[in-house]
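Topology and contacts: notes
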Amino acid sequence: MAPITDDQVELVRRLVAAIPPGRVATYGDIASAAELSSPRIVGWIMRTDSSDLPWHRVITASGRPAAHLATRQLELLRAEGVLADDGRVDLARARHRF
C-alpha cells in the first residue's frame, strides 16, 4: 500500500464529517468518493484519526458495524433514527450518497 498523504486523510475526514445525521456510509463509499484504492485505507484513517468525527455513521458494506464497536455504534445510530434489524442497517434506506 502506498503511503497515505495528509491530503487523503483530510479528504476522508471531510467526507465523514459530511454524512448527515440519520444517514450512514460504508468504508467503500468513502474510499470511492476519495478515490482511494481500498476501503481498508478508510478503516485505517478512522482508527487513527476520527474521535472528533461522526464515526458511528461509517459501517461495513454488509450494513453491520465493526464488531468491537457494535453496541455503542448502534445506540448512536438509533438516537439519530437509523434502526438496525438484527444488527444490520438497511443501506437501501439509510445510505448517504456523496
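Rules behind the numbers
Just so you know, the residues in each chain are numbered from 1, in the order the chain's sequence is written. With the structure being a predicted model, the display of local features is reserved for residues of pLDDT at least 70 and the display and counting of side-chain atom pairs for 80 or more, all residues being used for whole-chain, interface and lining totals. In computing side-chain properties, one takes all heavy atoms of the structure into account and sets aside hydrogens as well as water. What counts as a salt bridge is simple: a side-chain nitrogen of Lys or Arg found within 4 Å of a carboxyl oxygen of Asp or Glu. Each helix is a run of DSSP H or I of at least 4 residues and each strand a run of E of at least 2, with the numbering of both proceeding from the N terminus. When a residue's accessible area, from a 1.4 Å probe over protein chains only, is under 20% of the maximum for its type it is buried; when over 50% it is exposed; and in between it is partly exposed. Picture the helix axis, draw a direction to every C-beta atom, and the arc is the one those directions span. Note on definitions: a residue-residue contact is assigned when non-hydrogen atoms from the two residues lie within 4.5 Å.

**Looking at the pattern of salt bridges**
Pairing is possible between side chains that carry opposite charge, provided their charged atoms lie close to one another. Under the counting rule described, the total for this entry stands at 7 salt bridges. Note that Asp-29 and Arg-95 form a salt bridge whose closest N and O atoms lie 2.9 Å from each other. Here the residue Asp-29 occupies a position in helix 2 (residues 27-33), and Arg-95 occupies one in the segment after helix 5 (91-94), the gap between them amounting to 66 residues. Between Arg-93 and Asp-90 there is a salt bridge, and its shortest N-O distance comes to 3.3 Å. Through salt bridges with shared partners, a single network forms among Glu-10, Arg-13, Asp-49 and Asp-52.

**A word on the environment of Leu-76**
Relative to the assigned elements, Leu-76 resides in helix 4 (residues 70-79). As a C-alpha pair, Leu-76 and Gly-22 span 54 residues in sequence and 9.8 Å in three-dimensional space.

**Considerations on helix 4**
Within helix 4 the residues assigned to the buried category are Gln-73, Leu-74 and Leu-77. Down the axis, helix 4 shows its buried residues gathered within 95° of arc, on one side only. Every exposed residue of helix 4 that faces more than 90 degrees away from the buried side is listed here: Thr-71 and Ala-79. Each element contacted by the buried residues of helix 4 is listed here: strand 2 (58-59), strand 3 (84-85) and strand 4 (88-89).

**Notes on the environment of Leu-77**
Its location among the elements puts Leu-77 in helix 4. The buried category is assigned to Leu-77, whose relative accessible area is 1%. Counting along the chain gives 28 residues from Leu-77 to Asp-49, while the straight-line C-alpha distance between them is 20 Å.

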